Amino acid sequence: MTKTMKRAALRGTALAALTASLLGSLTAAQAQAPVKIGVVLPLSGPNAQFGIASRTGIEMAADAINAAGGLKSLGGAKIELVVADVPSPNTAASTTQRLISQDQVVGVVGAFVSSITLAASEVTERAGVPMITHSFADQITSRGYKYIFQVSAKATTYGKAQFDYAIDLAKQAGAPSETVAIFYEDTAYGTAQGKGLREAAKAKSITPAIDEAYPLGITDVAPLINKLRASKSDIVFPVSYFNDALQIIRAMRQQQIDIPTVGGAAGYIIPDFKKGLGPYAEGVFSIAPANYDFIPEMAAQYKAKYGSFMTHEVIMYGAALHHLAMAIEEAKSRDPEKIRDAVAALKICGTGFAAGIPGGCTAFDATGLSSTAYPIFVQWRGDDLVTVYPKNAAKGPAIWAGKTLN
């Protein structure tokens, strides 16, 4: 070999080594790049407090994973949340599309409000990007979609439990339960849960004295309350977001209608309910998807930091983000299709936020609905919400119509 040929060979070897080194550096840098997850929530408008609390749970879960070294199967890549404010369904589709096409998120969590989730999940389904939600509406996982998952039970299940649990407690207390009233706000959440209440009443051969939808954001509840008084109902089941819940309970109590009241989650199980109603909140029941007394240590840490109890949406969305992140870890990939398959197959139990969900797990059936979660009853006692039913989940006794039950 001539000297010229030797020099050329050496240059080629050096170039190959340099190229391999550069490619290795690029691969390592790519592995370390943040993994973007989209967050779609109502951070303004009438449901802002729910969206803000949900974001807190999501951020807590992401921060914990990042602080523990990130996603180890992706070289320690950190989770980067891309948060979007979606106060109504009108902007849900365009915002979700932007997260996917421009921000290139590999998954989405959100959006608390069922009607927003329905609109957003149409986009994630077309794009083939997994989405995990805590929204209740039955339609979310009954459309045959492949990429949407619910960490909670569906709304009709909550409606049925809301009714059945109440009738059981009334019987235990020896209190009447033959005449009932159902009020529900007219969006996807209220309509679906109202259906569950109605079907449960029918199964027990009870015809509601009132079964009425009202417009979300109602400004005058007097007609509803007048009907309730005239019905002489034994129990009332209002399904409402926060502002409506305040108006309904305040008007009832001001008119000295003191029958057992069983709320439909949402506005009935947040600290502002008690702040807004004061003593009128005492003894109000609600169906709930989770409660902080399931995870007392985490709840104490949360209260020390934020000054109030950990709400159900903090728990549910913290669990949703954690499940999605662990699916990315399990998939060892940023590919949304592989992540989706890992979400569907993964079961996380007895740890972190998942332990705060009745059933203790995040896991999904073939439709994407939770395969483990079930509803609980909580009751206002002073500034606290106490889980009182069913017995296997109760942290304290229920008080029904003034009688403390064992």
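Described in the following lines is the structure provided in the data block. The structure presented is a predicted model; accordingly, all values stated were derived computationally and were not measured. (Residues numbered from 1 in each chain as written. Predicted model: local features only at pLDDT ≥ 70, side-chain atom pairs only at ≥ 80, totals over all residues. Heavy atoms only, no water.)

1. Quick word on helix α2 (residues 48-67)
- Spanning 20 residues, α2 covers 28 Å between terminal C-alpha atoms, matching the ideal 28 Å at 1.5 Å per step.
- Among the residues of α2, Ala48, Phe50, Gly51, Ala53, Ser54, Thr56, Gly57, Ile58, Ala61, Ala62, Ile65 and Asn66 are the ones counted as buried.
- Once α2 ends, the next one or two residues include glycine 69, with phi positive near 110°. (Helix = DSSP H or I, 4+ residues; strand = E, 2+ residues; numbered from the N terminus. Expected span 1.5 Å × (residues − 1). Buried < 20%, exposed > 50% of the residue type's maximum accessible area, 1.4 Å probe, protein only.)

2. Notes on the state of the cysteines
- If you walk through the whole model with that rule in mind, you get one disulfide.
- Sulfur-sulfur distance for the disulfide between cysteine 349 and cysteine 361 comes to 2.0 Å. Disulfide cysteine 349 to cysteine 361: torsion about the S-S bond roughly 110°, handedness right-handed. Within this pair, whereas cysteine 349 is found in strand β11 (residues 348-349), its partner cysteine 361 is found in strand β12 (residues 361-362), the two being separated by twelve residues in sequence.
- Owing to a relative accessible area of 7%, cysteine 361 belongs among the buried residues under this scheme. (Disulfide = S-S within 2.5 Å.)

3. Description of the sheet that holds strand β3 (residues 108-110)
- Overall, parallel pairing links the five strands, which are arranged β2-β1-β3-β4-β5 in an open sheet. A single partner strand is all that each edge strand has here, and the edge strands are β2 (79-85) and β5 (148-150). Shown here is a sheet whose adjacent strand axes are inclined to one another by a mean of 25°, direction ignored.
- Relative to the sheet, helix α3 (residues 92-101) contacts β1 (35-41) and β2, its axis offset from that of β1 by approximately 175°. (Pairing = 2+ DSSP bridges. Axes fitted to C-alpha atoms, helices over the stretch in contact; angles between N-to-C directions. Contact = heavy atoms within 4.5 Å.)

4. Observations regarding the nonpolar core
- Core analysis: the biggest nonpolar cluster contains 142 residues, and Phe273, Phe377 and Trp400 have the highest contact counts within it.
- With eleven residues, helix α11 (residues 312-331) is the single largest residue contributor to this core.
- In this structure, tryptophan 400 is in contact with Ala166, Leu169, Ala170, Ala173, Ala175, Ile235, Pro260, Val262, Phe285 and Leu405, ignoring residues within four places of it in sequence. (Core = buried A, V, L, I, M, F, W, Y, C linked by side-chain atoms within 4.5 Å.)

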